[in-house]
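# Coordinate inspection notes
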Amino acid sequence: MAELRDELIDLIADEALIERSKLVPEATLADLGLDSVGVVSVVFAVEEKYGVEITEDAFKDVTDFGAFLAVLEGVVETKRAA
Amino acid sequence: MTGQARRIVVTGLGAVSPLGIGTKDTWIAAREGRGAIRIHHFDPGPNGPETRDTAAALISGDLLGALETALGRRVGASLDPFALMALAPAHEALAQAGLLQAPVLEHRTALVLGHGFAGIHTLEASFERFYGQKAARMHPLTVPKVMVSAPVSAVAMEFKIRGPVFAVSSACASSGHAIAQGAGFIRGGECDVAVVGGSEAIVTPCCLRAWEGLQAMTPTTCRPFSAGRDGMAIGEGGAVLVLEALDHALARGATILAELAGVGLSSDAFHWTQPSLDGAVRAMSRACEEAGALGGESVLISTHGTGTPLNDKNEAAAIHTVFGKSALRHPVIATKSAHGHLIGAATALQGVIGLMALAEGVAPPILNYLGADADCDLDLVVERARPIEAQAMLLNSFAFGGLNTSLVFRRSPRGEGV
């Protein structure tokens, strides 16, 4: 789980061009400059890397990075468990 | 320039090319005759046809790393290569001009870049994803990466250039038109500075096949004006010049590298791929007349010089028509033999190399020359670099579709060097 989380944080840092040290759970997506295009870019990269599909409404109640990461982790873990 | 219009000078140069990352490395390789055209093996992937070898000139070295170091931030995969190849020379040129973070960028600076094509790398990968892999969704940044204005937007955002900003396209003359357009903003008084040039990144398996279809590509290497020449080789890269009103440059104590003294634009309105003597002559004559360069002085001629049988024959005839009896007194160079044909960036890159040649008083050699062709009777600088007396350079670009630019630059009016 921790390994997957690290992988995802690396991927997000690369895709969204955000310093890894700023990707902490309490940071809001707005603070990180992760706008709608940024979110879709990250989602696209996660889908490509892990062969998953993430629905558009998966992030509808998400405002901070911790929750954002948890959604991605959950989708990947579900796929792996299947 | 003519009348009461403001004189226009060059205060910054930037280049990334197959000859090197940066103006200095590019110039030294050109001067020393170290060409970059090689036979490359391009693999179109599992959904493409058989692989094939093609002559092309590629950038070597870590362009992205160099750019990220220069900018002090990550750029990553957010830009197509043709935007990276504009951003890097724009930074170099603005830094040399001493204009990074200068207030003039806010409102009195234009930015015009030329490209023959757009984000071909991104487009080709997208087609492979869609048609080859049958993937339903495209990357969300596909459109901003592909669009032909992506480089100017990237450069404007990076350096906060807020005056007139747009891209122009006229195939192999694109950056020539960009230079002319930028000069117009200064001449007309709307701007004090114009960041101009172009970039091109079209060395991809599919795009190269399209070029091969034109029957204009060499299977070996580019030999401008030579006996046995058999076509052009594509190159990649970008180049940027900072143009500035002379009065503005003097007022801020800028180092003046050269003056843009004449601009000639014309259209053949004739043929997609065949050149026209009339169109070339009109562009060259207008630029030279405006610059007062037809009085018998020695002029360095940086030719379009693609290495195709038709272009070089036509350009040689045009030089004889424009310069008459003095035609053989002007040293002729053709640096596409070293860096390949950068299409939309060709004029700007050859401008940068030519201005270095003027500043150092040394003409870089035409490479791969096999011997004289009676149709190309010119004072060709071949085999090795040659000292020159020329104080002016005529820079030609004659694009497919019959779109022509000729520019005349003079060495710094204040005698300063590059």
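All residue numbers here refer to positions counted from 1 along the written sequence of the relevant chain. Ligands are numbered from 1 and chains lettered from A, in the order in which they are written. Totals for whole chains, interfaces and linings use every residue, but because this is a predicted model, local features are given only for residues with pLDDT of at least 70 and side-chain atom pairs only at 80 or more, for both listing and counting. Note that water and hydrogens are dropped before the side-chain values are worked out from all heavy atoms of the structure.

### Details of the pattern of salt bridges
Residues and elements named next belong to chain B. We count it as follows: Salt bridges are counted wherever a side-chain nitrogen of Lys or Arg sits within 4 Å of a carboxyl oxygen of Asp or Glu. The numbering of helices and of strands both runs from the N terminus, where a helix is a DSSP run of H or I of at least 4 residues and a strand a run of E of at least 2. Here the term buried applies to any residue with accessible area under 20% of the maximum for its type, exposed to any over 50%, and partly exposed to those in between, with areas from a 1.4 Å probe on protein chains only.
Applying the stated criterion to the full structure yields 26 salt bridges over all chains. Its salt-bridge partner being Arg-31, residue Glu-32 comes within 4.0 Å of it at the nearest N-O pair. The shortest N-O distance in the salt bridge between Glu-212 and Arg-209 comes to 3.9 Å. Residue Glu-212 and its partner Arg-209 are both found in helix α9 (residues 205-213); the two are separated by 3 residues, about one turn of the helix. Judged by its relative accessible area of 19%, Glu-212 falls in the buried class. The class of Arg-209 is partly exposed, set by a relative accessible area of 24%. Members of the salt-bridge network, linked through shared partners, are Arg-6, Arg-108, Asp-192 and Asp-247.

### Quick look at the nonpolar core
Residue and element names in this part refer to chain B. Going by this rule: Residues belong to a common nonpolar core when they are buried Ala, Val, Leu, Ile, Met, Phe, Trp, Tyr or Cys residues joined through side-chain atoms within 4.5 Å. What makes two residues a contact is simply this: any of their non-hydrogen atoms within 4.5 Å.
Val-10, Leu-241, Leu-243, Leu-260, Leu-300, Leu-355 and Phe-409 are the most contacted members of the largest nonpolar core, which totals 57 residues. Top contributing element to this core by residue count: helix α14 (residues 346-360), with 9 residues. Contact partners of Phe-409, with chain neighbours within four places excluded, come to Val-10, Leu-241, Glu-259, Leu-260, Ala-261, Leu-355, Leu-358, Gln-391, Ala-392, Met-393 and Leu-395. Counting 34 residues, the second largest nonpolar core, distinct from the first, contains Ala-102, Val-104, Val-195 and Val-240.

### Observations regarding a nonpolar patch on the surface
All names here are of chain B. To be explicit about the condition: What makes a patch is a set of residues exposed beyond 30% relative accessible area and free of salt bridges, joined within 9 Å when like-charged and within 5 Å when nonpolar (Val, Leu, Ile, Met, Phe, Trp, Tyr). Residue burial considers only the protein chains on display, and all accessible areas are found by Shrake-Rupley using a 1.4 Å probe.
On the surface, a cluster of nonpolar side chains totalling about 410 Å² of accessible area is made up of Phe-127, Phe-130, Tyr-131 and Met-138. In this fold, Tyr-131 is placed in helix α5 (residues 120-132). You can call Tyr-131 exposed: its relative accessible area is 54%.

### What about the environment of Ser-153 of chain B?
Residue and element names in this part refer to chain B. In this structure, Ser-153 sits in helix α7 (residues 150-159). Looking at Ser-153, the relative accessible area reads 28%, which means it is partly exposed. Distance in space between the C-alpha atoms of Ser-153 and Asn-311 is 34 Å, their sequence separation being 158 residues.

### Comments concerning the sheet that holds strand β4 (residues 52-57) of chain B
Residues and elements named next belong to chain B. Quick reminder of the rule: Strands qualify as paired when DSSP identifies two bridges or more between them. Only the stretch in contact is used when a helix axis is fitted, and all axes are lines through C-alpha atoms; the angle between N-to-C directions ranges over 0 to 180 degrees.
Taken together, 3 strands build an open sheet; the order of strands is β3-β4-β8 and the sheet is mixed. Either end of the sheet is taken by a strand with one partner, and the two such strands are β3 (37-42) and β8 (234-235). Along the sheet, α9 makes contact with β3, β4 and β8, crossing β4 at roughly 90°.

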